[in-house]
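Below are the chains, spelled out letter by letter.
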Amino acid sequence: YRSVLRGQGLEFAELRPYEPGDDVRGIDWNVTARTGALHVRRYREERARTLFLLADISLSCTPATRQLLAETAALLAFTAVACRDRLALVAFSDRLEHLVHPGSGRNHALRLLSDLLTLSPAGRGTDLVPPLEATLALGRRPGMVILLSDGHAPLPEALLRRVGARHDLLACVLRDDGERHLPAAGLVLCRDRESGAERLLDLSGRRGETLTEGWRRTDRELASGLRRLAVDHTFLGSGRSPLPALRALFRARRRRPEANSRSVRRHPSV
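Residues numbered from 1 in each chain as written. Predicted model: local features only at pLDDT ≥ 70, side-chain atom pairs only at ≥ 80, totals over all residues. Heavy atoms only, no water.

Chemist: Help me understand the overall build of the chain, please; the structure alone is not making it clear to me.
Modeler: Regarding its fold elements, the chain presents nine helices and 12 strands. A total accessible area of about 14900 Å² is found for the chain, and carbon and sulfur atoms account for 52% of it. (Helix = DSSP H or I, 4+ residues; strand = E, 2+ residues; numbered from the N terminus. Areas by Shrake-Rupley, 256 points an atom, 1.4 Å probe, with all protein chains shown as cover.)

Chemist: What's the story with the pattern of salt bridges in this structure? I'm lost.
Modeler: Note that side chains of opposite charge can pair when their charged atoms are close. Tallied over the full model, the rule gives 12 salt bridges. Of the charged contacts, one joins Arg-25 and Asp-23 as a salt bridge, the two residues approaching to 2.9 Å between their closest N and O atoms. On the basis of relative accessible area, Arg-25 is assigned to the exposed category, the value being 74%. The partner of Asp-219 in a salt bridge is Arg-175, with the nearest N and O atoms 2.9 Å apart. Here Arg-175 lies in strand E8 (residues 168-175) and Asp-219 lies in helix H7 (residues 205-228), a separation of 44 residues in the sequence. By relative accessible area, which is 10% here, Asp-219 ends up buried. Given the relative accessible area of 4%, Arg-175 is considered buried. Counted as one network, the salt bridges with shared partners bring together Glu-14, Arg-16, Glu-19 and Asp-22. (Salt bridge = Lys/Arg side-chain N within 4 Å of Asp/Glu carboxyl O. Buried < 20%, exposed > 50% of the residue type's maximum accessible area, 1.4 Å probe, protein only.)

Chemist: Explanation requested: the side chain of Thr-126 in the structure shown.
Modeler: Its place among the elements puts Thr-126 in the loop between helix H3 (106-118) and helix H4 (129-138). Of note is the side chain of Thr-126, whose polar atom sits 2.9 Å from the side chain of Ser-58. (Polar contact = N/O pair within 3.5 Å; in protein donor to acceptor, adjacent residues only side chain to side chain.)

Chemist: Quick question: what am I supposed to make of unusual backbone geometry here?
Modeler: Note: most residues except glycine have negative phi, and most peptide bonds are trans. If you check the backbone angles, Arg-84 has positive phi at about 60 degrees while not being a glycine. Within the fold, Arg-84 resides in the loop between helix H2 (63-82) and strand E5 (86-92).

Chemist: What exactly am I supposed to notice about the environment of Thr-126 here?
Modeler: For Thr-126, a relative accessible area of 13% corresponds to the buried category. Note: C-alpha distance between Thr-126 and Leu-59 (67 residues apart in sequence) is 8.1 Å.

Chemist: Is there a simple way to think about the nonpolar core in this case?
Modeler: Generally speaking, soluble globular proteins have nonpolar side chains that are buried together. Grouped together as the largest cluster of nonpolar side chains are 28 residues, with contacts concentrated most on Leu-51, Leu-53, Leu-87, Ile-146 and Leu-148. Those elements giving two or more residues to this core turn out to be strand E4 (50-56), H2, E5, H3, strand E7 (144-149), E8 and helix H8 (243-254). The element best represented in this core is H2, accounting for six residues. Within the second largest apolar cluster, 22 residues are counted, among which are Leu-132, Ala-134, Leu-160 and Ala-171. (Core = buried A, V, L, I, M, F, W, Y, C linked by side-chain atoms within 4.5 Å.)

Chemist: What exactly am I supposed to notice about a nonpolar patch on the surface here?
Modeler: There is a patch of nonpolar side chains on the surface, built from Phe-12, Leu-15 and Tyr-43 and spanning about 250 Å² of accessible area. Using a relative accessible area of 36% as the deciding quantity, one classes Leu-15 as partly exposed. (Patch = residues over 30% accessible without salt bridge, like charges linked within 9 Å, V, L, I, M, F, W, Y side chains within 5 Å.)

Chemist: Help me understand the side chain of Thr-50 in this model?
Modeler: Tracing the chain through its elements places Thr-50 in strand E4. If near-sequence neighbours (up to four positions away) are discounted, Thr-50 is found in contact with Arg-86, Ala-88, Pro-102, Gly-143 and Met-144. (Contact = heavy atoms within 4.5 Å.)

Chemist: Where do I start with the sheet that holds strand E6 (residues 96-103) in this structure?
Modeler: The pairing of strands in a sheet comes from backbone hydrogen bonds and takes either a parallel or an antiparallel form. Taken in spatial order, the six strands line up as E6-E5-E4-E7-E8-E11 in an open sheet, and their pairing is mixed. In the strand order of this sheet, the two ends are held by E6 and strand E11 (232-237), each with one partner. Taking each pair of neighbouring strands and ignoring which way they run, the sheet shows an average axis angle of 15 degrees. Bridge analysis of E8 against E11 gives six bridges, and the strand direction is parallel. Directly across from Val-173, in E11, lies its bridge partner Phe-235. Lying over the sheet, H8 contacts E7, E8 and E11, oriented at roughly 165 degrees with respect to E11. (Pairing = 2+ DSSP bridges. Axes fitted to C-alpha atoms, helices over the stretch in contact; angles between N-to-C directions.)

No statement about biological role is implied by the geometric values presented.
Encoded structure:
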């Protein structure tokens, strides 16, 4: 966790007697004159920031993926509430589907999650540009942006770099394990949920294994693209809790000082 501003905070914390080692610039001379003993004013660092959840609700997200999305969003939302952070939601498909402006508190988080659970997309495809542009317009001050998506869309590299330069940007790639490990069912007629195109697939024997390897190759390429853009990320699978993967992601970031120093603005008085 990092402070919004570097240097002395602006939120008053306490007034207490002076102790050796205290900054003499913090001495409150009015109280010192009244009591006859040195007193210092202490300030608390400003830590509150905004967490932007960019939620992919496109048709390519299966019911299992949507359930994983909701559970992950709930974990992150109530963590923000516990830290007294502000919370915003940008839901998207190939367009901006729903926007919840930044707010704080448990009721705001519950309303945001309720909206997320009941949303049905108007668009059919997936496009990362509208939610990223909306986040840049909405978040003027540095915050944290977490992209929750199945990743079935090209990465807009220039726009991701702009968002990463202003905010702390992370990605959680959502995967339906039922899609990744298909049974050996022989010939199966499959339909693309976004385009509606149908295709006959042979899931028997080695051909089914080829499809599974195709998923692994897609994940490797996506991970490589996110690393190239310096976007910290993790893959989350359906049917198991996202908490261990999220904890591992943030624990790894904590060990890297540069991840905690990005987008930190220096206070003008420092």
